[in-house]
Amino acid sequence: MKVFQHVTDIGDLRTALAEAAEVKRDRYQWQHLGRNKTALLIFFNNSLRTRLSTQKAAMNLGMNVIVLDVNQGAWKLETERGVIMDGDKSEHLLEAIPVMGSYCDIIGVRSFARFESRQDDYEEKILNQFIKYSGRPVFFMESATVHPLQAFADLITIEEHKQTTRPKVVMTWAPHPRALPQAVPNSFAEWMLAADVDFVITHPEGYELDSQFVKGARVEYDQMKAFEGADFIYAKNWSCPGVTRPEDYGKVLHDYHTMMDWCVSARQMAVTNDAAFLHCLPVRRNMIVTDDVIESPRSLVIPEAANREISAQVVLKRMLEAL
Ligand code: CP
């Protein structure tokens, strides 16, 4: 595997899930693969889970790990070609990327949507430069449009906890005071549509996700109706993807105080099939989900986060095997 971005990069999902289960049984059995190999993890944005779980996964495989927080101690990077660099940015990404590539064998990059241009974000301008100029396999640790390590961990969690062969999985929009990217819901939709689940998306009108990720998905604008009989509830906020009105890209369309009915509470969970609750974390309590739901025995947010180590290890293992 040279790039890990989309669900198609992992190949057959049954095989990937079986490999994840094998990793979980004994995560230290491939230490020989990573001997004298270095993973470089580059963060343009904050992280708790991705940073720790990916480092742990690389160490499980016997790799050396370097973590770079671009905004803490590195030169400020220019990302646009053609700019006269007379401002505060001392180095261009076009030099920095091959330099970083020269110090490692595999690169992971986190670079969120900037919300300056829908086109730049959806073309994955930053990550594609790493793919083009680093000379190394690149895995996405949440980009402008996707978060595949999260979606793979979500799928592993659903597989481990499902009680029917084809569970009903509902992804619901929930309120948030700030504009958040669409990477998590895009990837979750992409992976659920490829998996053997009955997938439904519910959100207020105006938050339609890009068709490249949700083509074929059932959208139900009535949240209560969507929740009926659900086996898994996956909550997430996202800002306007700008599908119908490009000028609204990255905006919060309504004052969140008027949208608090969408916060996942016992009221909605009561119409589900005793659904398990999932969220990628970090989560704002009593905005996205109430205290009682996230603290209930049906909340899987901690095992879901723990599975980030497993999804990262499967991806790194495959990249090491292909070096
Ligand atoms: N879910 C997730 O990616 O968490 P972090 O932002 O803390 O890495």
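Data block above holds the structure.
Small disclaimer: the values here were computed from a predicted structure and weren't measured.

> Hey, could you go over the sheet that holds strand S6 (residues 106-110) for me, with residue numbers and the actual values?
Read across the sheet, five strands follow the order S1-S7-S6-S2-S3 without closing on themselves; strand pairing throughout is parallel. Only two strands of the sheet have a single neighbouring strand rather than two, namely strand S1 (3-4) and strand S3 (64-69). Here strand S2 (residues 38-43) runs beside S3; their pairing, made up of six bridges, is parallel. Residue pairing for S3: Ala 39 is matched across the bridge by Val 65. In the packing of helix H12 (residues 301-321) onto the sheet, contacts are made with S1, S6 and strand S7 (138-140), and the angle to S7 comes to roughly 165°.

> So what about the pairing of strand S11 (residues 232-236)? Which residues, and what values?
Taken across its five residues, S11 has five buried, putting it largely inside the fold. Pairing of strand S8 (residues 168-173) with S11 involves five bridges; the strand directions are parallel. Of the residues in S11, the one forming a bridge with Trp 173 is Lys 236. Relative to strand S12 (residues 276-278), S11 runs parallel, the two sharing three bridges. If you follow Ile 233 over to S12, its bridge partner there is Phe 277.

> Tell me about the site of the ligand, and please be specific about residues and values.
Near the ligand the following residues occur: Ser 47, Leu 48, Arg 49, Thr 50, Arg 110, His 147, Gln 150, Cys 280, Leu 281 and Arg 308. His 147 places a side-chain nitrogen or oxygen 2.8 Å from an oxygen atom of the ligand. Take Arg 308: an N or O atom from its side chain is 3.1 Å from an oxygen atom of the ligand. Burial of the ligand by the surrounding chains reaches 94%, relative to a free accessible area of 250 Å². Here the shell around the ligand is built from residues that sort into three nonpolar, four polar and three charged. Mapped onto the domain boundaries, the shell around the ligand takes at least three residues apiece from domain 1 (3-146 + 308-322) and domain 2 (150-304).

> Tell me what's going on with a nonpolar patch on the surface, and back it up with residues and numbers.
On the surface, Ile 66, Val 99 and Tyr 103 cluster together into a nonpolar patch covering about 280 Å² of accessible area. Inspection of the secondary structure assignment puts Tyr 103 in the loop between helix H3 (93-101) and S6.

Calculation notes
- Residues numbered from 1 in each chain as written.
- Predicted model: local features only at pLDDT ≥ 70, side-chain atom pairs only at ≥ 80, totals over all residues.
- Heavy atoms only, no water.
- Pairing = 2+ DSSP bridges.
- Helix = DSSP H or I, 4+ residues; strand = E, 2+ residues; numbered from the N terminus.
- Contact = heavy atoms within 4.5 Å.
- Axes fitted to C-alpha atoms, helices over the stretch in contact; angles between N-to-C directions.
- Buried < 20%, exposed > 50% of the residue type's maximum accessible area, 1.4 Å probe, protein only.
- Near = heavy atom within 4 Å.
- Polar contact = N/O pair within 3.5 Å; in protein donor to acceptor, adjacent residues only side chain to side chain.
- Areas by Shrake-Rupley, 256 points an atom, 1.4 Å probe, with all protein chains shown as cover.
- Nonpolar A, V, L, I, M, F, W, Y, C, P; charged D, E, K, R; others polar.
- Domains from an automatic or database assignment.
- Patch = residues over 30% accessible without salt bridge, like charges linked within 9 Å, V, L, I, M, F, W, Y side chains within 5 Å.
- Salt bridge = Lys/Arg side-chain N within 4 Å of Asp/Glu carboxyl O.

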